[in-house]
Amino acid sequence: MQPHDLLCPRPEGLYSPAGDFFVDPVRPVARALVTHGHADHARAGHGAVLATRQTLDIMALRYGEGFAGTVQAAGYGERIDLGGVRVSFHPAGHVLGSAQIAVEANGLRIVASGDYKRAADPTCAAFEPVACDVFITEATFALPVFVHPPAADETARLIASLAQFPERTHIVGAYALGKAQRVIRLMREAGHDAPIRIHGALEKLCAYYETQGVTLGPLVPATLDGKARATAEDGVVVGPPAAFADRWSRRFADPLTVFASGWMRVRQRARQRGVELPLIVSDHADWPELTATIRETGAAEVWVTHGREEALVRWCELNGIRARPLHLVGYEDEAE
Ligand SMILES: [Zn+2]
């Protein structure tokens, strides 16, 4: 069996000819395996979806219970047979429920990492390297310039700013699934106990994280009847970045714009968005994490997708690892 018999790129996404299923298809298909709940990987309308319980729950929260014809939950490490192909899900360390998907037949194993990171994250299970013949890696931050600082240090800068400018409302842009809960949790770990105001778009997901044992402390709606809700003790509001583009953030007193994203490493991006306090908090692997992970998998061949494919392909070649870009379409950095 050749790798492309086990997985190959199709316009809909990665397809397994041997098992007749797709991984993270961007269009509706008969059978989809989904790595995690971000919108560019988890779409509604598939015939059947196989994913972790948490990813299925997150898809139901975002799309409604009828998001797929049928669903099946896969536990981490559990082996499931699909038409003679053995598939298993392994923690990816990206967001709650996120998984790498290993597919295996006739002694050949390919691991599709989905999105992943290696840095510690108190809101999800840590990435587990899986030995494989072919490793499919993301490449969102695949340039040597991307070296993410510890997220706790970035959160400490936010807390310091809150102390320095108590009269200003710190409006923290953080993606609704994963990033927002990670930032809130890190603030709690840094001793910030006051209620945190959140945008309505975060409410269901934050409540779900709580049910999964990720304690976020007291959260209150940021707005009441469309007006900024005043709380005397706390000057922080967390909301999705899209909320910043509209008038939502202007309801708050003297807003100070904060954005938590791996892209905040690029100063020009922070300036373009009018971000006063950029926090480099990423749910994607940085360059050292990408290259270390490729080595750890022991893969003889690497396929590089969604991001800066060329630099990582080149790095693999220089290190004696066969590599090629996959050029899958339809994946954005929604989550970053
Ligand atoms: Zn993602």
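Up top you'll find the structure we're talking about.
Here is what the cut-offs are and how they apply
Residues numbered from 1 in each chain as written. Predicted model: local features only at pLDDT ≥ 70, side-chain atom pairs only at ≥ 80, totals over all residues. Heavy atoms only, no water. Donors = N, O, S within 2.8 Å, 3.2 Å for Na, K, Ca; no water. Tetrahedral: all angles 85-135°; square planar, octahedral: opposite > 155°, others 65-115°. Salt bridge = Lys/Arg side-chain N within 4 Å of Asp/Glu carboxyl O. Buried < 20%, exposed > 50% of the residue type's maximum accessible area, 1.4 Å probe, protein only. Helix = DSSP H or I, 4+ residues; strand = E, 2+ residues; numbered from the N terminus. 1 Å grid on protein atoms, 1.4 Å probe; cavity = no way out; pocket = protein on both sides within 12 Å on 5 of 7 lines; lining within 4 Å. Points joined across faces, edges and corners; volume = space filled by probe spheres on them. Nonpolar A, V, L, I, M, F, W, Y, C, P; charged D, E, K, R; others polar. Axes fitted to C-alpha atoms, helices over the stretch in contact; angles between N-to-C directions. Parallel < 35°, antiparallel > 145°, perpendicular 65-115°, else oblique. Left-handed = near helix turned anticlockwise from the far one by under 90°. Contact = heavy atoms within 4.5 Å. Pairing = 2+ DSSP bridges.

With that settled, the discussion passes to the coordination of the zinc ion. Protein coordination at the zinc ion comes from His36 (NE2), His38 (ND1), His94 (NE2) and Asp115 (OD), with a distance range of 2.2 to 2.3 Å. For the zinc ion, the four donor atoms in the first shell make angles of 89 to 170° at the metal, so the coordination geometry reads as irregular.

Per the stated rule, a full pass over the model turns up 14 salt bridges. Residue Arg109 pairs with Glu104 through a salt bridge whose shortest N-O separation is 3.1 Å. What makes Arg109 partly exposed here is its relative accessible area of 23%. When the shortest N-O distance is used, the salt bridge between Arg182 and Asp283 registers 2.9 Å. A residue pair is termed long-range when its members are at least 10 positions apart, and Arg182 in helix H4 (residues 179-189) and Asp283 in the loop between strand S19 (277-279) and helix H8 (287-297) qualify at 101 residues. Where salt bridges share partners, they join Lys117, Asp121, Arg182 and Asp283 into one cluster.

As a further point, take unusual backbone geometry. Of note, Asp20 is a non-glycine position whose phi angle comes to about 55°, a positive value. With respect to the secondary-structure elements, Asp20 resides in the loop between strand S2 (13-16) and strand S3 (21-23). For Asn106, which is not glycine, the phi torsion reads 50° and is therefore positive. Mapped onto the elements, Asn106 comes out in the loop between strand S9 (99-105) and strand S10 (108-112). Residue class for Asn106 comes out exposed when judged on its relative accessible area of 68%.

Here we take up the layout of surface pockets. If you roll a probe as big as a water molecule over the atoms, it shows you where there is empty space left. The space that makes up the second largest pocket amounts to roughly 160 Å³. Surrounding the second largest pocket, 17 residues form its lining, Ala119, Ala120, Pro150, Ala151 and Arg182 being those nearest its centre. For the lining of the second largest pocket, the element with the highest residue contribution is H4, accounting for three residues. For the lining of the second largest pocket, the class distribution of residues is 10 nonpolar, three polar and four charged.

With that settled, consider the packing of H8 against helix H9 (residues 309-318). Two numbers describe how H8 lies on H9: the axes approach to 11 Å, and their chain directions differ by 45°. Judged by the inter-axis angle, H8 sits oblique to H9. Crossing of H8 against H9: the hand is right-handed. Together, Trp287, Leu290, Thr291, Ile294 and Arg295 of H8 and Ala311, Leu312, Trp315 and Cys316 of H9 make up the contact between the two elements. Grouping the constituent residues of the contact of H8 with H9 by class yields seven nonpolar, one polar and one charged.

Okay, the sheet that holds strand S14 (residues 219-221) next. Read across the sheet, six strands follow the order S14-S13-S17-S12-S18-S19 without closing on themselves; strand pairing throughout is parallel. Where the open sheet ends on each side, the last strands, each with one partner, are S14 and S19. Across the sheet, the mean angle separating the axes of adjacent strands is 25° when strand polarity is ignored. By the bridge criterion, three bridges tie strand S13 (residues 196-198) to S14 in an arrangement that is parallel. Residue pairing across strands places Ile198 opposite Pro221, the latter belonging to S14.

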